[in-house]
Amino acid sequence: MAIDIEQFLKSVKVFADLTDEELKELVTNSELVTYYDGDIIKRSGEISRFLMVIYEGKVDIISYKEGIKKRIATIETGDIVGEMSICTGEPNFVDVVSVGKCKVVKIKREVCTGLLLKNPKTMAKIAQTITKRLVYREMDEALAKYRRESFGKVEDPYDLDFSSAVDPIKILVVNCRITSVRYTLFDTSKKEPIIGGIVDKINSDTGKYYKFQTNEGVYERPHTVKTLRDAIRLTIVTMIDPELGVIKDIKEIRAVGHRVVHGGDKFYSSSVINPEVLVSIREASPMAPMHNPYNIEGIELLMSLLPDATHVAVCDTAFHKTMPQHAYQYALSSNLNKQSHIRRYGFHGTNHSYVALMAAMLLKKPVDKLKIISCHLGHGASMCAIDHGRSIDISMGMTPLEGLVMGSRCGDVDPGILIYLASIGYTATEISRILNEESGIKGLSGISGYMKDVYEEAEKGNTDAENAIKIFCYKIKKYIGSYIAVLGGFDVLIFTGGIGVNSPGIRTRVCQGLEHFGIAINDELNKHTIPTGNNAVDITNLNSKIRIIVVPPNETRMIARETLSAMGRFRSKEEIEEYRKKPIPVNISAHHVHVNKEAFEVLFGKGKTLNPRSPLSQPGQYASEETVNLIGPKGRIDKVRILGPFRKECQVEISRTEEFKLGIDAPKRDSGDIDGTPGIILEGPNGQYKIEKGVIFARRHIHMSPSDALSYGLRDRDVVTIRIVSDRSLTFDDVLIRVHPDFLLDMHVDTDEANAALIVNPPALGYLEGIQSRQYT
């Protein structure tokens, strides 16, 4: 139904300042929808991707806080609904219900964001509405609690079913290797791929086959392809085949997600491919010579075949970019550590990230509230420690050789063995072949690198096969124990990969003897659990404190999801240039303490209260006159200032250098996220107060008001890259955006980071370089 522009203007006062051109763009990307009495226009748990305007009639806003249905507002003609989707992108926590017949204009969220950047007056009006609603929902404590707990109602919180694609698109996922091309084509309007296949043994003279599957069936046939270029052309020809194909023209493919094995230390997340991205992938090629060159060749071939599509690189290493230095650095000479690429990168990141999200959805808890140990067990195997959604350790290292026993890879070995082999005449090529192709399960068993074959022989009494299985499971247990220590306890144990999903016997052996860690598997559930597709299955025993979950791997779906995500985060060079005209003040957040009233009275005396000394950059916050001493296991830091006002829980923020002085290992956390963190003794003039948790190394962050966020096209909890201009300009990754009505624009770095950037006289100036990740797509 066409929208009358004049009526639209009259009913939507908030858009009155738009130019005729801007209004036309808005109308072109809008849809007028009619609803009838009782129709649910927006359901609690849905991720809102539209700004909606009541064109005619009215709607009720219904909440279910404390289990009671309650109308909290009525929105009438000319009012807007869904503005929070622009600010936070978070799921709805209320129902929007039609009262009688009404008409609603639905405007795509991204179109609104773009128009707001062009029109400051309209932006100010939207920001004012957002601010009012943020304040209202924070004042109502029951509503705020209900909002925090509403995650479990969200059907697709992490966009694994591509809900963010308001306009359905087709995404091709490609994995180009030395001997094969795997591909999957997704239509985002459908939950399952519409075609997928493999062209295998490209450079072989025998056994060459091409296999693909559509909704109509599975097809397999020989092929004569000898190059990667011809293999890719064969996949394209198949997709557009008049009889078996699923599209009429390759131009229907709007995006291509390319699996890249090694991204080096450049990528935190998926990236839209440009010349700079290709250079970075090439620079990492020496560390993955059997993978990256073929990944690059596939990228260049498909970019030439599909020049109008968006091409995205999804690196296996990117998820592990959040590992702290003490986890990724080897204990080698200073020169090697500083002058080369020798460090731990980790692999299987795409699947470790995917299964963590799947487990969070099964448990109905946000992934950033969980501590997870993920076991990817297959021909290649790795384990990952995931703390609140961030990889903090991975068993694989600079190459996939490190870590667990694998199909034909050795995993952890004494480096002295390699020196010994070299001393008795083995060449580097021979040693590489032994470690990569002749070791692991294959070498131990003398049978095969495939667990299924070895397990069958062990059942027949083959002692070498039995020993191979014991060593395989022993190393997994060893890593579980170490990761429990690294995480400081955990919530979820995940089994994934071909062995992790298909071998109940391996899962049983791994979990046996771990009961004192709270890990208890349900034998009956485990015995009959071999999940398929996109299903995560809980096999936890009733008395287990730790949830045990089996999740089939699905890197292709995750790559498609990451491709969509990168497209949503992408900013053109022109947009980045505009952002560079708007500097962000950068200030130093020195060590400090937050306390509650109970702790303060122990430290300073009954009836005492905080005395403001000087205001901070954020309204209502201040540095107090009072200071405390921090007493750690190793040392102390005196006269650390308390910031006011009082908080519900105590929190201590220190720098990395101060960790050593105190003898404390503080995790990198967002302010307020203190579960599972170490404690410390606070000392005041009236006595000491021990906090059991609360010491953190605060993540870099930027405070923004809703108006600030809109002006940069950002949302609450986006993670961005910021370039700081100072005497030693630096670019900081992993900077969290925090949006609140009371915030003033300000980026906080700690003293170590300020020293690294030579920030002498703050504030320095920072500039937005790009968006790394987004909580809700």
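Right above here is the structure, for reference.
Everything numeric here is computed off the predicted structure, so don't read it as measured data.

The subject of this paragraph is the packing of aromatic side chains. For the coordinates displayed, the defined rule picks out six aromatic pairs. Ring centres 5.4 Å apart and planes at 70° place the aromatic pair Phe 162 and Phe 186 in the edge-to-face group. Taken together, the positions of Phe 162 in the loop between α6 (141-148) and β7 (170-176) and Phe 186 in strand β8 (residues 181-187) put the pair 24 residues apart, joining distant regions of the chain. Ring plane angle 65° and centroid distance 5.8 Å describe the contact between Tyr 479 and Tyr 483, whose orientation is recorded as edge-to-face. Of this pair, Tyr 479 and Tyr 483 are both found in helix α17 (residues 463-487), four residues apart, which corresponds to roughly one turn of the helix. Here the two residues Tyr 479 and Tyr 483 agree in accessibility, since each one is buried. Through a chain of ring-to-ring contacts, three or more aromatic side chains come together here, namely Tyr 210, Phe 212 and Tyr 219. The ring of Tyr 328 has Arg 343 sitting right over it, with the charged end atom 3.8 Å from the ring centre. We note Lys 582 situated over the ring of Tyr 712; from NZ or CZ to the ring centre the distance is 4.8 Å.

Along the chain, Asp 159 falls in the loop between α6 and β7. Only 2.8 Å separates the side chain of Asp 159 from the backbone nitrogen of Ser 163, close enough to count as a polar contact.

With that settled, consider helix α14 (residues 428-437). Within α14, burial applies to Ile 431, Ile 434 and Leu 435. Taken down its axis, α14 places every buried residue within 90° of arc, on the same side. The inward-facing, buried residues of α14 contact α13 (415-423).

Another point: the pattern of salt bridges. All told, the structure shown has 41 salt bridges when counted by the stated rule. Of the charged contacts, one joins Glu 300 and Arg 282 as a salt bridge, the two residues approaching to 2.3 Å between their closest N and O atoms. Here Arg 282 lies in helix α8 (residues 275-283) and Glu 300 lies in helix α9 (residues 292-305), a separation of 18 residues in the sequence. Owing to a relative accessible area of 37%, Glu 300 belongs among the partly exposed residues under this scheme. The salt bridge involving Arg 717 is made with Asp 670; its shortest N-O contact spans 2.5 Å. Linking Arg 717 in the loop between α25 (706-712) and β32 (719-725) with Asp 670 in the loop between β27 (668-669) and β28 (680-684), this pair joins segments that are 47 residues apart in sequence. Given the relative accessible area of 14%, Asp 670 is considered buried.

With that settled, the discussion passes to empty space enclosed by the protein. Using a probe with the size of a water molecule, rolled over the atoms, empty space left in the structure can be pinpointed. Going through the model one piece at a time under the given rule, you end up with two cavities of 30 Å³ or more. Considering only enclosed or pocket space, the largest cavity measures out at about 140 Å³ in volume. In this structure, the largest cavity is lined by 18 residues; those nearest its centre are Ser 589, Glu 653, Ala 698, Val 749 and Asp 750. By volume, the second largest cavity is sized at about 40 Å³. Residue lining of the second largest cavity: Gly 264, Asp 265, Thr 317, His 320, Lys 321, Arg 343 and Tyr 345, and that is the complete set.

The omega angle of the peptide bond from Gly 644 to Pro 645 is 5°, so this bond is cis rather than trans. Considering the arrangement of structural elements, one finds Pro 645 in the loop between β25 (636-644) and β26 (651-653). The omega angle of the peptide bond from Pro 762 to Pro 763 is 5°, so this bond is cis rather than trans. Turning to its location among the elements, Pro 763 is positioned in the loop between α26 (751-756) and β35 (764-773). One non-glycine residue, Asp 734, lies in positive phi territory at about 55°. Following the sequence through the fold, Asp 734 ends up in strand β33 (residues 730-739).

Okay, the packing of helix α12 (residues 349-363) against helix α21 (residues 555-569) next. The description of two packed helices rests on the angle between their axes and on the distance between the axes. In the contact formed by α12 and α21, the axes pass within 9 Å of each other and the chain directions differ by 90°. Put simply, α12 runs roughly perpendicular to α21. Between α12 and α21, the contacting residues are Thr 350, Asn 351, Ser 353, Tyr 354 and Leu 357 on the first element and Glu 555, Arg 557, Met 558, Ile 559 and Arg 561 on the second. The residue inventory of the contact of α12 with α21, partitioned by class, reads four nonpolar, three polar and three charged.

Turning next to the side chain of Lys 106. Inspection of the secondary structure assignment puts Lys 106 in strand β6 (residues 95-108). Buried within the structure, Lys 106 lacks any salt-bridge partner; Glu 31 is the closest side chain of opposite charge, at an N-O distance of 5.2 Å. Ignoring any residue separated from it by four or fewer positions in sequence, one finds Lys 106 in contact with Asn 29, Ser 30, Glu 31, Val 33, Tyr 35, Phe 50, Leu 51 and Met 52.

Once that is clear, we can look at the sheet that holds β32. Taken in spatial order, the six strands of this closed barrel run β21-β34-β31-β33-β32-β35, and their pairing is mixed. If you compare each strand with its neighbour and ignore which way they point, the axes differ by 40° on average. Pairing between strand β31 (residues 701-704) and strand β34 (residues 746-749): three bridges, direction antiparallel. Bridge pairing links Ile 702 to Met 747 in β34.

Proteins that are soluble and globular tend to have nonpolar side chains buried together. With 74 residues, the main nonpolar core has Ile 373, Leu 377, Phe 472, Ile 480, Leu 493 and Ile 506 as its most contacted residues. Top element by residues in this core is α17. It accounts for eleven residues. Among residues more than four places away in sequence, those in contact with Ile 480 are Ile 373, Met 383, Leu 493, Val 510, Leu 514 and Ile 519. In terms of nonpolar packing, the next biggest core, distinct from the first, is built from 51 residues, Leu 18, Val 105, Val 720 and Met 747 among them.

Rules behind the numbers
Residues numbered from 1 in each chain as written. Predicted model: local features only at pLDDT ≥ 70, side-chain atom pairs only at ≥ 80, totals over all residues. Heavy atoms only, no water. Phe/Tyr/Trp six-rings, centres within 6.5 Å; stacked < 30°, edge-to-face > 60°. Helix = DSSP H or I, 4+ residues; strand = E, 2+ residues; numbered from the N terminus. Buried < 20%, exposed > 50% of the residue type's maximum accessible area, 1.4 Å probe, protein only. Lys NZ or Arg CZ within 6 Å of the ring centre and 35° of its normal. Polar contact = N/O pair within 3.5 Å; in protein donor to acceptor, adjacent residues only side chain to side chain. Arc of directions from axis to C-beta. Contact = heavy atoms within 4.5 Å. Salt bridge = Lys/Arg side-chain N within 4 Å of Asp/Glu carboxyl O. 1 Å grid on protein atoms, 1.4 Å probe; cavity = no way out; pocket = protein on both sides within 12 Å on 5 of 7 lines; lining within 4 Å. Points joined across faces, edges and corners; volume = space filled by probe spheres on them. Axes fitted to C-alpha atoms, helices over the stretch in contact; angles between N-to-C directions. Parallel < 35°, antiparallel > 145°, perpendicular 65-115°, else oblique. Nonpolar A, V, L, I, M, F, W, Y, C, P; charged D, E, K, R; others polar. Lys, Arg positive; Asp, Glu negative; His and termini not counted. Pairing = 2+ DSSP bridges. Core = buried A, V, L, I, M, F, W, Y, C linked by side-chain atoms within 4.5 Å.

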